[in-house]
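Coordinate inspection notes
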Amino acid sequence: MKDARYDRQLRLWGEEGQASIESASVCVLGSSALATEILKSLVLAGINSFCILDDAVVQNADLGNNFFLHVSDLGRKRGEATLAKLKELNPAVGGTWEDVSLEEWHDERMLYRLSSFSVVVASNLRTSTAAAISDYLFENSIPFISCRVFGLIGYIRVSVREHTVANSHEENPREDLRLDRPLPEFQAMVDGTDLAELSVDEIRHTPYIILYMKALKMYREKLSDPSAFPESYADRKALWGLIESMRVETDTGSTDAENFDEAKAKLLRSFQKTTVPAHVVEILNDAKCSSSSTCTQPFWIICTGLRKFVEKHHCLPLKGNLPDMTSDSKRYARIANIYHSAAVQDAREVYQFIREVERERGADSVISEDMCYRFCKTTDSIHVQRGSKISAESDAGKIIEFLAEENGDAQKKSAAEWLLLLLAADRFLQEKGRFPGTNGVPCTIDSADLKSRVISIVRRCNLNPDQILPLLSESGLPEICRYGAAEPHVISALVGGIAAQEVIKLATNQYIPLDNTFLYDGHTQCGATFRF
Amino acid sequence: MFQDMVSKHWQSYYFHSIQYKTSFLENRMGKMSSSFRRMSISNDPLANNRWRDIRRLTDRDSIHLRNPNFEPGPENFEIIQQIRVLVIGAGGLGCELLKNLALCGFQHIEVIDMDTIDLSNLNRQFLFRESDIGKSKAEVAAAFVNERIEGCTVIPHNCRIEEKPPSFYRSFHIVVCGLDSVNARRWMNAMLCDLAQVNAMGEVEENTVIPMIDGGTEGFKGNARIVYPRMSACIDCTLDLYPPQMNFPLCTIAHTPRLPEHCVEYVKVIQWDELKPFQGADLDADNPNHVDWVFEKAMERSQQYDIRGVDRRLTQGVLKRIIPAVASTNAVIAASCSIEALKLATNIANNINNYLNFNDVDGVYCGTVEMGRNPECPTCNRRSEVISVSRTDLLKSFLENLVRAFNLSDNPSLTTGTGSIYEVSEFFPDIAERSKNNLNRPLGDLVSENSELLLSDISLKSSNSISIRVKFTD
Ligand SMILES: [Zn+2]
């Protein structure tokens, strides 16, 4: 039943990803359109539970932008009304609502409450409030996402102290054939193959990986260098000439053969020296992988085990999957099995190291042999991301740097301008008790007012407004006032979808999260990423 | 990967940009009002308005967007409420589209889908519940939105898109597609290209152009695009964007299997017909017993050939050609499509030009690229057959000649961009009645010289219809 319901997503993140999602408890601050759109995707995906914190009351404008409200909910508490409709989406997901006001969110007691969730998501919080929450959660290693919709603008900020990725799903994973240090059993199989003895049909069904090994042998003999390995374009071209020489003619005089075509197409991807990529080396050199570390997080224990393996063998454990290649079934299956068995053996060795590390660190044994085996299939794409706290002041400085960058990308500059104007709108709110464009004042007056907030932000960064203001477009300020803090449903749906996926990334540890700020502009429907 | 496809595309076709006129809908709707002039907002009359957040955008002027067709004011929002939108598909994208469009303020929405609800839909098709399994997607989705969003009317059509005549499609201002099949997308595209008329001067008549917004997703990737039929790149202009269906060569499946997929395909293509399980029933990938049978046989074959990796999920995936899908990507792409629909209706911002890529596997990417037209595209650059006739020839004999010349069925239809000349279907009795009366009228009364006519028939598969221009001999 559960398998069938989640079938389409299990095909992406697998049972282990789904299990992580099903143990995630998510807290969402707010229950407006943006908040419910985020929750919709999370409840559908099957998180363990969610909690809405909000004390807002349903008003007319909510009925025009929030799908999880009905006209009959007017006047009710919005968090309570949306909760019931969100829970209908998936009976397996638990949900609660607490009648808490925005102002309480950064008091000590509430912050402590927030640290009991696996991920906290804020919707439409002004930057200073988000910064206060981020301060606390960052220290306590709770991932925090702050998102906003302001007219046609969308904003997502991921603040996470450390995020680790294992079992990643790369679209084009590196192949791991080890042609430079072939598996002994495979080498024996190649040595036992004499192409001269094969029929034309057998040659045309010889897996290209065997052709490679035969050509490599000739290549080395030609250069009188038993360890030569093609690394440059010219080298590969020379090698290709040798492969070509193995072609045979069929009865019809044709030399066309799929396996030779594949050999040509895959040449570059296949002839890669077996190395430990730099970013993996960096992770393995992390203090958490050192013998003196006491870190008991599963990712770091596994990586410490991996480090021991790498120290011994100077390479990563074999991935073990053989790409498809034209072949008769028998030879393909034989090679596939050689690679698979070697990978199982490598994983077993890594597992022994992991058990050692667990004992050294006095950790409970939580890593199963199966988990270790899956981990070993993608060790070349493990990833560690370390983020930052949200801070209105330091963010402003960075934004202005982007604006002032001389050869900066125009689209990114425009996005930076929106970020700066959002900060200005926050100051406007702080000082006037409302957002620009939201009451009886003509937009032109609010626009002038907003400009003075921009100036004061620039001054606080110890910069000269006369130099910075000309970097802004003339239309941004009045456009922000036009928006009047509107939260149109469509923009909320788009930002909510992206934010929900970021929560899933943080929960599954299989994908690389946003690093760390995304700004979407509904005018162009383009996004830009900033790192603060 | 999307980027690669795009750059490949850039090289392969001749590109030229078009300055789109954003006034299609104004032409089609007629100007709602030109008397309204912008006034400064001296109080916030919208504070307690249900549509406050959309109307901030529709009512207030913007110097940011610099579009002369943008006429801010209350009338601009009223246009949304009068526009007729057709949503194709009530699946992952369709459910989202209906919600989004209803909350943009659109009130006349229709939706077509022939599918019924399955348990595996429920991880993203949020308008459906377990108790809805087996019911029509279009009907359940429409009823849900109608109940939830006061004032919005969604009319469901539980049928195939091919079952609707051109006159049905002609009645909409915007078509938004949320489909998972390239063929259905192409059919819809061809229909809208057919409806876009070219006048005797060779110019596209803008009031016959129905913009098509098309979304697609696969896993964490998606795209959204806008097509102005016959004016901008159409689906067929850029067919190489859609990956060809993976087909395994029969000889590999039969003689040299290597992958688990080969084993499943063997059972599906060869063993099912040979062994005729379930009293010779056709293989139904939705029937768990059938899937189990195939799985078991595929397992046997994989053991025979020493192939690893056959499991039930893979078996079903191969049988149904399942595309993985999550709620979040559908939400993003449907929102992107809906934003373009809202822009088309109101000009609150300029439409994208003309193709959006989204991907959030690694960080988040969202950006647009301009697809150019393919001048050789047979769908949006269709050439007309010119037929010489006398003004006094009756429609009846003209049709008979066409049926003979093009090998058609006995019930073809003949339409112009704006109306029907002959179209007999049970769905539209009025038109059928009028069509039958037309049979005995002379062509001179029914068609004008050199204007484009569309001949449609169920026998025409690749393209939906044949374009015809009449030349009078007298
Ligand atoms: Zn075309």
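Residues numbered from 1 in each chain as written. Chains lettered and ligands numbered in written order. Predicted model: local features only at pLDDT ≥ 70, side-chain atom pairs only at ≥ 80, totals over all residues. Heavy atoms only, no water.

You'll find chain B entered in an unreviewed UniProt entry as NEDD8-activating enzyme E1 catalytic subunit, with Diploscapter pachys given as the organism. Entered under Pathway (unreviewed entry) in the UniProt record, the comment concerning chain B runs "Protein modification; protein neddylation." The record in UniProt for chain B states the following under Catalytic activity (unreviewed entry): "ATP + [NEDD8 protein] + [E1 NEDD8-activating enzyme]-L-cysteine = AMP + diphosphate + [E1 NEDD8-activating enzyme]-S-[NEDD8 protein]-yl-L-cysteine." (UniProt positions renumbered as here; feature names shortened; annotations may be inferred.)

Going by the annotation in an unreviewed UniProt entry, the name recorded for chain A is NEDD8-activating enzyme E1 regulatory subunit, with Diploscapter pachys given as the source organism.

Let us look at the overall build of chain B. For chain B, the helix and strand inventory stands at 17 helices and 13 strands. In terms of overall dimensions, chain B is globule-like: its C-alpha atoms have a radius of gyration of 25 Å, near the 23 Å expected for 474 residues. Principal-axis analysis of the C-alpha atoms gives chain B an extent of 80 × 65 × 50 Å. Across the 474 residues that make up chain B, the buried fraction comes to 59%. Long-range pairs, those at least 24 residues apart, make up 66% of the contacts in chain B between residues at least 6 apart in sequence. Summing over all exposed atoms, chain B offers an accessible surface of approximately 19,900 Å²; the carbon and sulfur share of this is 48%. Each charge class in chain B was averaged separately, 50 positive and 60 negative side chains, and the resulting centres sit 3 Å apart. (Helix = DSSP H or I, 4+ residues; strand = E, 2+ residues; numbered from the N terminus. Rg over C-alpha atoms; globule rule 2.2 N^0.38 Å. Buried < 20%, exposed > 50% of the residue type's maximum accessible area, 1.4 Å probe, protein only. Contact = heavy atoms within 4.5 Å. Areas by Shrake-Rupley, 256 points an atom, 1.4 Å probe, with all protein chains shown as cover. Lys, Arg positive; Asp, Glu negative; His and termini not counted. Charge placed at Lys NZ, Arg CZ, Asp CG, Glu CD.)

A word on the coordination of the zinc ion. Residue and element names in this part refer to chain B. Around the zinc ion, the protein contributes the donor atoms C234 (SG), C237 (SG), C377 (SG) and C380 (SG), at 2.2 to 2.3 Å from the metal centre. One can describe the site at the zinc ion as tetrahedral: its 4 donor atoms subtend angles covering 96 to 116° at the metal. Read N to C, the donor residues that coordinate the zinc ion are spaced as C-x2-C-x139-C-x2-C. Linking C234 in the loop between β6 (221-227) and α9 (250-255) with C377 in the loop between β8 (365-369) and β9 (385-389), this pair joins segments that are 143 residues apart in sequence. Exposure class is identical for C234 and C377. Each is buried. (Donors = N, O, S within 2.8 Å, 3.2 Å for Na, K, Ca; no water. Tetrahedral: all angles 85-135°; square planar, octahedral: opposite > 155°, others 65-115°.)

Cis geometry is adopted by the peptide bond preceding N516 of chain A, which originates at D515 of chain A and carries an omega value of -5°. Note on placement: N516 of chain A falls in the loop between α22 (489-508) and β9 (517-521). In this structure, N509 of chain A takes a positive phi of about 55° despite not being glycine. For N509 of chain A, a relative accessible area of 26% puts it in the partly exposed group. Here K276 of chain B, not a glycine, exhibits a phi torsion of approximately 40°, which is positive. What makes K276 of chain B exposed here is its relative accessible area of 54%.

What follows concerns the interface of chain B and chain A. Interface size is often expressed as the accessible area that is lost when the parts come together. Listed as interface residues are 89 residues of chain B and, on the opposing side, 88 residues of chain A. Contact between chain B and chain A buries roughly 7,400 Å² in total, counting both sides, with carbon and sulfur atoms accounting for 57%. Linking chain B to chain A there are 6 salt bridges. Here E15 of chain A ties to R313 of chain B by a salt bridge, and the two come within 2.7 Å at their closest N and O atoms. Taken together, chain B and chain A are joined by 39 residue pairs in polar contact (both at pLDDT 80 or more). Broken down by element, the residue count for the side of chain B that touches chain A peaks at 11 residues, all from helix α14 (residues 327-346) of chain B. In the side of chain B that touches chain A, the residues fall into 40 nonpolar, 23 polar and 26 charged. (Buried area = accessible area lost by both parts, 1.4 Å probe. Salt bridge = Lys/Arg side-chain N within 4 Å of Asp/Glu carboxyl O. Polar contact = N/O pair within 3.5 Å; in protein donor to acceptor, adjacent residues only side chain to side chain. Nonpolar A, V, L, I, M, F, W, Y, C, P; charged D, E, K, R; others polar.)

What follows concerns the domain arrangement of chain B. When cut into domains, chain B gives domain 1 (75-243 + 325-369), domain 2 (250-320) and domain 3 (385-472). Placing a centre on the C-alpha atoms of domain 1 of chain B and another on those of domain 2 of chain B gives a separation of 35 Å. (Domains from an automatic or database assignment.)

A few words on the UniProt feature "active site" (unreviewed entry) in chain B. Residues annotated in UniProt with the feature "active site" (unreviewed entry) correspond here to C251 of chain B. Relative to the helices and strands, C251 of chain B resides in helix α9.

Residue and element names in this part refer to chain B. Contact pair helix α5 (residues 92-102) / α14: the axes reach a minimum separation of 9 Å and the direction vectors enclose 45°. Compared by their axis directions, α5 and α14 come out oblique. Of the two possible hands of crossing, α5 and α14 adopt the one that is right-handed. Contacts between α5 and α14 involve G92, L93, E96, L97, N100 and L101 on the former and, on the latter, N330, A331, I333, A334, A335, C337, S338 and A341. Its residues placed into classes, the contact of α5 with α14 shows 9 nonpolar, 4 polar and 1 charged. (Axes fitted to C-alpha atoms, helices over the stretch in contact; angles between N-to-C directions. Parallel < 35°, antiparallel > 145°, perpendicular 65-115°, else oblique. Left-handed = near helix turned anticlockwise from the far one by under 90°.)

Here P488 of chain A lies in the loop between α21 (476-483) and α22. Among the residues examined, P488 of chain A registers a relative accessible area of 1% and is labelled buried. Residues P488 of chain A and N66 of chain A, 422 residues apart in the sequence, show an inter-C-alpha distance of 9.0 Å. Ignoring sequence-local partners within four residues, the contact set of P488 of chain A consists of V149 and G151 of chain A together with D53, I54 and L57 of chain B.

Right, let's get into the pattern of salt bridges. Applying the stated criterion across every chain yields a total of 60 salt bridges over all chains. As a salt-bridge pair, E37 of chain A and K99 of chain B come within 2.7 Å of each other at their nearest N and O atoms. Taken together, the residues E37 of chain A in helix α3 (residues 33-45) and K99 of chain B in helix α5 connect one chain to another. Judged by relative accessible area, E37 of chain A falls into the buried class, the value being 1%. Look at K99 of chain B and you get buried, because its relative accessible area is 0%. In this structure, R355 of chain A engages E358 of chain A in a salt bridge whose closest nitrogen and oxygen atoms are separated by 3.5 Å. Here R355 of chain A and its partner E358 of chain A are both found in helix α15 (residues 329-361), 3 residues apart, which amounts to about one turn of the helix. For R355 of chain A, a relative accessible area of 29% puts it in the partly exposed group. Its relative accessible area of 2% is what places E358 of chain A among the buried residues. Within the structure, one salt-bridge network assembled from shared partners comprises R427, E431, K432, D449 and R453 of chain A.

Before going further, it helps to examine the sheet that holds strand β4 (residues 119-123) of chain A. Residues and elements named next belong to chain A. Taken in spatial order, the 8 strands of this open sheet run β3-β2-β1-β4-β5-β6-β9-β10, and their pairing is mixed. Both outer strands of the open sheet, β3 (94-98) and β10 (526-530), are each paired with one neighbouring strand and no more. Across the sheet, the mean angle separating the axes of adjacent strands is 15° when strand polarity is ignored. Of the strand pairs in this sheet, strand β1 (residues 25-29) and strand β2 (residues 49-53) are connected by 5 bridges, and their pairing is parallel. When the sheet's bridge partners are listed, S25 is paired in β2 with S49. With respect to the sheet, α3 is in contact with β1, β2, β4 and β5 (144-150), its orientation differing from that of β5 by roughly 130°. Running over the sheet, α22 touches β1, β4, β5, β6 (153-159) and β9 and is turned about 175° from β5. (Pairing = 2+ DSSP bridges.)

Residue and element names in this part refer to chain A. Tracing the chain through its elements places Y332 in helix α15. Distance in space between the C-alpha atoms of Y332 and I209 is 9.9 Å, their sequence separation being 123 residues. Side-chain polar atoms of Y332 contact the backbone oxygen of P323, separated by 3.3 Å.

Right, let's get into the domain arrangement of chain A. Residues and elements named next belong to chain A. Along its sequence, chain A is organised into domain 1 (2-164 + 487-530), domain 2 (184-270), domain 3 (278-385) and domain 4 (390-483). The C-alpha-based centres of domain 2 and domain 3 are spaced at 31 Å. Buried surface at the junction of domain 2 and domain 3, summed over both partners, amounts to about 1,200 Å²; 66% is from carbon and sulfur atoms. The largest contributions to the domain 2 side of the interface with domain 3 come from M189, H205 and P207, which together make up 41% of the buried area. Those elements that provide at least two residues to the side of domain 2 that touches domain 3 are α8 (184-191), α9 (200-204), α10 (208-223) and α12 (258-270).

Attention shifts here to the confidence of the model for chain B. Residue and element names in this part refer to chain B. For chain B, the mean per-residue pLDDT works out to 87, and 90% of the residues sit at or above 70. pLDDT under 50 marks residues 1-24. Its contacts with residues more than four places away, or in other chains, come to 53 contacts. What the predictor reports for the complex is a pTM of 0.89 with an ipTM of 0.95. (pLDDT = per-residue confidence, 0-100.)

Attention now moves to the sheet that holds strand β5 (residues 212-218) of chain B. Residue and element names in this part refer to chain B. Across the sheet, 8 strands lie side by side as β3-β2-β1-β4-β5-β6-β7-β8; this open sheet has mixed pairing. Edge positions in the open sheet fall to β3 (153-157) and β8, since each of these has one partner strand only. Along the sheet, successive strands turn relative to each other by an average axial angle of 15°, direction set aside. Sheet topology note: the β5/β6 ladder contains 7 bridges and is antiparallel. Following the sheet pairing, I213 is matched in β6 by I226. The strands touched by helix α8 (residues 182-195) are β1 (84-88), β4 (174-178), β5 and β6; relative to β5, the strand with the most contacts, the crossing angle is about 170°. α14 rests against β4, β5, β6 and β7 (355-359) of the sheet, and its axis sits at about 170° to β5.

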